[in-house]
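Fold and geometry: a report
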There are 2 protein chains.
Amino acid sequence: MNDTQARPVKTTQTSIRIGRAIQRRDGATLTELSEALDLAKSTVHNHLATLVEEGLLVEEGGQYYIGLRFLEFGEHARNRREHYTPAKLQVYRLAESTNEEANFAVAENGYMYSLEYVMGDANPNNPAVGSTFLSVGSKFRMHNSAPGKAVLSALPTHRVESILDRRGLPATTENTITDRETLLEELETVREQGYATNDEELEVGFRSIAAPVTLDDGTVLGGLSIGGPAYRFELDDASGGRSVDTLRKAVADVEREIGRMANVDDDSKE
Amino acid sequence: MNDTQARPVKTTQTSIRIGRAIQRRDGATLTELSEALDLAKSTVHNHLATLVEEGLLVEEGGQYYIGLRFLEFGEHARNRREHYTPAKLQVYRLAESTNEEANFAVAENGYMYSLEYVMGDANPNNPAVGSTFLSVGSKFRMHNSAPGKAVLSALPTHRVESILDRRGLPATTENTITDRETLLEELETVREQGYATNDEELEVGFRSIAAPVTLDDGTVLGGLSIGGPAYRFELDDASGGRSVDTLRKAVADVEREIGRMANVDDDSKE
DNA sequence: ACTGTAGTTCACACATACCGAACAACTATG
DNA sequence: CATAGTTGTTCGGTATGTGTGAACTACAGT
């Protein structure tokens with residue numbers, strides 16, 4: 001509850017700051033980092049050496065890059081729960097059947113992270129064709145995305161409040177809901193209709209719908225979504241109805257599959 | 001060249017040690033970590049709090065887990081070079097056409113990391129069906145894997161020596177090559193025949209073949225491989241010949257595609 | 001050769017990471 | 001319900017190791 005800011009380990013924070021800076025710049029040189037972060041070159045030097053030794057960074061021609069060791073850890077996190085598996089598989093089916101973008105994302109630390117993302121009609125030879133810059137591992141906010149709002153709608157209000165306190169409601173487009181009351185009201189609507197929408201609130205030209213995937217004990221696993229360019233992806237019932245039905249079926253599928261897994265587990269215990 | 005171990009930042013190392021321990025245990029509690037790493041509880045406490053704040057770890061019911069922030073960084077590393085894309089796509093095609101496991105891995109820090117891995121004949125509903133415990137983000141060694149040997153074969157000898165110095169040649173099965181001279185001789189063979197083999201050297205019951213993907217300037221991008229259970233995946237020319245041809249074509253495809261990308265780049269520059 | 005830029009090494013001083021003990025919050029147990 | 005045994009959190013003191021800046025090396029460009 002209370003972020004008591006216990007006693008942050010500043011040295012570790014510095015290392016992380018360096019990593020973040022490298023990621024933001026898609027590779028950086030020592031002096032570049034030293035200047036950007038206002039640290040002595042020798043300091044940055046030691047951090048870099050340590051992180052390279054650990055495989056978290058790579059040095060290539062004077063430039064430092066994010067290392068694949070992060071991927072090792074990241075995939076570990078991505079596969080942490082077996083329940084993720086049916087949801088990730090469903091993303092492929094959704095993308096194929098709707099020919100639009102499908103996404104499964106989970107909430108962590110007040111943000112959403114995409115665990116699986118597939119572009120339905122995209123030319124696989126040119127991944128840049130997708131309408132958003134989303135991909136597996138992408139972090140996005142909860143208040144301005146369909147999966148985010150879907151997950152929020154399934155959380156108790158005090159948890160929602162706490163997330164909004166921590167992360168705020170910054171606007172990314174004109175449509176972004178930046179008022180807390182308005183958002184809470186919309187979450188009520190989401191609960192009623194069973195799915196959340198994103199009408200160009202995250203990115204101009206991109207719309208999507210999402211529904212929460214919940215477990216038997218009532219907790220939320222994440223949000224399943226489909227979306228596409230605004231010119232063809234409608235949110236109203238008229239043409240959007242089909243998508244909503246597809247999404248509903250998909251969520252039901254996933255939840256049924258998860259239930260099946262639980263039963264198998266129970267059986268094996270006996 | 002010289003791993004002068006400049007002046008390692010011990011605090012950062014401690015944080016990383018904690019992360020590794022958590023990963024190894026698939027989640028751990030504070031006291032567990034404190035005992036395992038021989039650190040004061042308060043120390044671990046501060047590190048954990050810092051890492052959670054940064055999103056690198058998550059706390060859930062007293063257990064600490066690897067956070068999805070790692071995935072964000074990891075995917076960044078995975079997509080760092082555009083040249084990876086055609087290789088990753090080829091993995092899907094290889095898996096489909098051979099009905100065996102296909103893999104594209106690159107070398108970093110003296111290890112191989114899988115950037116794409118697909119099980120050809122696996123039931124997608126049960127990923128555990130694969131014969132190895134490999135997956136995207138998996139780290140494995142260079143001396144006892146086909147992609148590793150393929151990449152080594154394309155490196156100058158002094159780089160090979162340096163990698164072997166750093167990482168050694170530990171045995172994982174009876175077949176693992178643990179003698180440096182033997183390995184160097186085998187690399188010579190690899191260069192001659194154009195592909196490397198792994199005859200249950202990494203894991204009992206698993207065989208594979210791999211070839212290096214090289215760029216125009218002669219540098220190695222990574223290794224493309226196909227493999228399967230030993231009872232059906234043969235390495236000799238008789239039945240393995242087909243696989244070798246398929247692999248060769250696949251590598252040629254990827255290299256051609258990369259060349260095409262380079263030309264497009266040149267064009268756009270003009 | 002020379003100037004400038006980038007990275008590495010080193011000794012010192014101050015900040016701080018680590019510890020330990022005491023405290024708080026929960027569970028289990030009689 | 002009290003008690004004992006967990007596990008996690010707080011806090012002050014101290015030894016440690018981080019961060020610094022200056023001096024040094026290595027290169028690239030002119």
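Residues numbered from 1 in each chain as written. Chains lettered and ligands numbered in written order. Predicted model: local features only at pLDDT ≥ 70, side-chain atom pairs only at ≥ 80, totals over all residues. Heavy atoms only, no water.

1. Describing empty space enclosed by the protein
One simple way to see leftover space: roll a probe sized like a water molecule over the atoms. Stated precisely, the cut-off is as follows: In the cavity and pocket records, a cavity denotes points on a 1 Å grid over the protein atoms alone where a 1.4 Å probe fits but cannot get out, a pocket denotes an open set with protein on both sides within 12 Å along at least 5 of 7 lines, and lining residues are residues with an atom within 4 Å of a point. Grid points are joined across faces, edges and corners, and a volume is the space filled by probe spheres set on the points. The way it works is that DSSP assigns letters per residue, a run of H or I at least four long becomes a helix, a run of E at least two long becomes a strand, and they are numbered from the N terminus. Under the scheme applied, nonpolar residues are Ala, Val, Leu, Ile, Met, Phe, Trp, Tyr, Cys and Pro; charged residues are Asp, Glu, Lys and Arg; polar residues are all the others, including Gly.
One pass over the full model with this rule turns up five cavities of 30 Å³ or more. Taken as a whole, the largest cavity spans an internal volume of roughly 270 Å³. Forming the boundary of the largest cavity are 19 residues, of which Ile16, Leu56 and Phe70 of chain A together with Leu56 and Phe70 of chain B lie nearest the centre. It is helix 1 (residues 10–25) of chain A that provides the largest number of residues to the lining of the largest cavity, a total of five residues. Of the residues in the lining of the largest cavity, the class split is 12 nonpolar, six polar and one charged.

2. As for the interface of chain A and chain B
Here is the rule: Contact between two residues is taken to exist if any of their heavy atoms lie within 4.5 Å; hydrogens are not considered. Here the quantity called buried area is the accessible surface, traced with a 1.4 Å probe, that two parts lose on coming together, added over both. A side-chain nitrogen of Lys or Arg and a carboxyl oxygen of Asp or Glu constitute a salt bridge if their distance falls within 4 Å.
Residue-level contacts link 60 residues of chain A with 61 residues of chain B. For the pair chain A and chain B, the summed buried area comes to about 5,500 Å², and 59% of that belongs to carbon and sulfur atoms. Considering only the side of chain A, the residues that lose the most area to chain B are Leu68, Leu71 and Phe73 of chain A, jointly responsible for 13% of the buried surface there. At the junction of chain A with chain B, the criterion picks out six salt bridges. A salt bridge links Arg20 of chain B to Glu54 of chain A, with the shortest nitrogen-to-oxygen separation between them at 3.1 Å.

3. Describing the protein's contact with DNA strand C
The line we're drawing: In these notes, residues near a molecule or strand are those with any non-hydrogen atom within 4 Å of it. Identification of polar contacts relies on pairs of N or O atoms within 3.5 Å, with a donor-acceptor requirement for protein atoms, meaning one able to donate a hydrogen and the other able to accept it, and with residues adjacent in sequence counted only if both atoms are side-chain atoms.
Taken together, 21 residues are adjacent to DNA strand C, and Thr29, Thr31 and Lys41 of chain A together with Ser42 and His47 of chain B come closest. Among the atoms of DNA strand C close to the protein, meaning within 4 Å, 65% are from sugar or phosphate groups. Between a phosphate oxygen of DNA strand C and a main-chain N or O atom of Lys10 of chain A, the distance comes to 3.0 Å. A distance of 3.5 Å is found between a phosphate oxygen of DNA strand C and a side-chain nitrogen or oxygen belonging to Thr14 of chain B. Its residues assigned to classes, the surface near DNA strand C comprises five nonpolar, 12 polar and four charged.

4. Remarks on the sheet that holds strand 7 (residues 206–214) of chain A
Let me state the cut-off plainly: When DSSP finds at least two bridges between two strands, those strands are taken to pair. Structural elements are reduced to axes, namely lines fitted to C-alpha atoms, with helices fitted over the stretch in contact, and the angle between N-to-C directions of any two is expressed from 0 to 180 degrees.
The sheet built from six strands is open, its strands ordered 5-4-3-8-7-6 (chain A) with antiparallel pairing. On the outer flanks of this sheet lie strand 5 (139–140) and strand 6 (196–199) of chain A, each paired with one strand and no other. Here strand 3 (residues 101–108) of chain A runs beside strand 8 (residues 220–229) of chain A; their pairing, made up of five bridges, is antiparallel. Pairing of Phe104 of chain A across the sheet is with Leu224 of chain A, part of strand 8 of chain A. In the packing of helix 4 (residues 69–78) of chain B onto the sheet, contacts are made with strand 4 (111–119) and strand 5 of chain A, and the angle to strand 4 of chain A comes to roughly 40 degrees.

5. Side note on the relation of the copies chain A and chain B
Going by this rule: The least-squares superposition of copies is restricted to C-alpha atoms, and to residues with a pLDDT of at least 70 in both copies.
Take chain A, turn it by 180 degrees, move it 0.0 Å along the axis, and it overlays chain B with an RMSD of 0.1 Å. Between the two chains, the operation in question is that of a two-fold axis. Interface overlap between copies is the fraction of interface residues in one copy that are interface residues in the other; for chain A against chain B it reaches 100%, indicating a shared surface.

6. Regarding the UniProt feature "domain: HTH iclR-type" (unreviewed entry) in chain A
So the rule is basically this: UniProt positions are given in the numbering used here, feature names are shortened, and annotations may be inferred rather than shown by experiment.
Residues annotated in UniProt with the feature "domain: HTH iclR-type" (unreviewed entry) correspond here to residues 9–68 of chain A. A distance of 24 Å separates the end C-alpha atoms of residues 9–68 of chain A, which is 62% helix and 13% strand.

7. Regarding the packing of helix 1 of chain A against helix 4 of chain B
This is how the line gets drawn: Roughly parallel refers to an angle under 35 degrees, roughly antiparallel to one over 145, roughly perpendicular to one between 65 and 115, and oblique to any angle outside these ranges. If you view the pair so one helix is near and one far, a crossing is left-handed when the near helix is turned anticlockwise from the far one by less than a right angle, and right-handed when it is turned clockwise.
Contact geometry for helix 1 of chain A and helix 4 of chain B: axes closest at 11 Å, N-to-C directions at 40 degrees. Classified by the interaxial angle, the pair formed by helix 1 of chain A and helix 4 of chain B is oblique. Note on packing geometry: the crossing formed by helix 1 of chain A with helix 4 of chain B is left-handed. Note on element contacts: helix 4 of chain B touches helix 1 of chain A through Arg69, Glu72, Phe73 and His76 of chain B, opposite Gly19, Arg20 and Gln23 of chain A.

8. Brief notes about the pattern of salt bridges
Put simply, the rule is: For every residue, the accessible area (1.4 Å probe, protein chains only) is compared with the maximum for its type, and the residue is labelled buried under 20%, exposed over 50%, or partly exposed between those bounds.
For the coordinates displayed, the defined rule picks out 30 salt bridges over all chains. One salt bridge connects Arg260 of chain B with Glu257 of chain B, and the closest N-O pair in it is separated by 3.1 Å. Here the residue Arg260 of chain B and the residue Glu257 of chain B both occupy positions in helix 9 (residues 237–269), the gap between them amounting to three residues, near one helical turn. What makes Glu257 of chain B partly exposed here is its relative accessible area of 26%. Residues joined by salt bridges that share partners form a network here, namely Glu60 of chain A together with Arg80 and Arg81 of chain B.

9. Here we look at the side chain of Lys88 of chain A
What counts, and what does not: Under the counting rule used here, the positive set is Lys and Arg, the negative set is Asp and Glu, and His together with the chain ends is not counted.
Secondary-structure assignment places Lys88 of chain A in helix 5 (residues 84–98). Despite its burial, Lys88 of chain A remains without a salt bridge, the nearest opposite charge being carried by Glu116 of chain A at 5.5 Å.

10. A closer look at the packing of helix 2 (residues 30–37) of chain B against helix 3 (residues 41–53) of chain B
Residues and elements named next belong to chain B. Between helix 2 and helix 3, whose axes approach to 9 Å, the crossing angle comes to 120 degrees. As helix 2 packs across helix 3, the resulting crossing turns out to be right-handed. On helix 3, the residues that touch Leu30, Thr31, Leu33 and Ser34 of helix 2 are Lys41, Val44, His45 and Leu48. For the contact of helix 2 with helix 3, the class distribution of residues is four nonpolar, three polar and one charged.

11. A word on unusual backbone geometry
Residue and element names in this part refer to chain B. A positive phi angle, near 55 degrees, is found at Asp26, a position not held by glycine. Looking at the element boundaries, Asp26 is found in the loop between helix 1 (10–25) and helix 2. Even without being glycine, Asn109 reaches a positive phi, approximately 60 degrees. With respect to the helices and strands, the residue Asn109 is situated in the loop between strand 3 (101–108) and strand 4 (111–119).

12. Some thoughts on the protein's contact with DNA strand D
Close to DNA strand D lie 20 residues; Ser42 and Thr43 of chain A together with Lys10, Thr29 and Thr31 of chain B are nearest. At a separation of 2.7 Å, a base oxygen of DNA strand D approaches a polar side-chain atom of Ser42 of chain A. One of the side-chain nitrogen or oxygen atoms of His45 of chain B is found 2.7 Å away from a phosphate oxygen of DNA strand D. Listing elements by their share of the surface near DNA strand D, those giving two or more residues are helix 1 and helix 3 (41–53) of chain A together with helix 1, helix 2 and helix 3 of chain B. Split into classes, the residues belonging to the surface near DNA strand D amount to five nonpolar, 12 polar and three charged.

13. Points about the environment of Arg141 of chain A
Residue and element names in this part refer to chain A. Note on placement: Arg141 falls in the loop between strand 5 and helix 6 (146–153). Put simply, Arg141 and Gln90 are 51 residues apart on the chain and 22 Å apart in space, counted from C-alpha to C-alpha. Beyond its immediate stretch of four places on either side in the chain, Arg141 contacts Tyr111, Met112, Arg167, Gly168 and Pro170. Polar contacts involving the side chain of Arg141 include one to the main-chain carbonyl oxygen of Arg167, which spans 2.6 Å.

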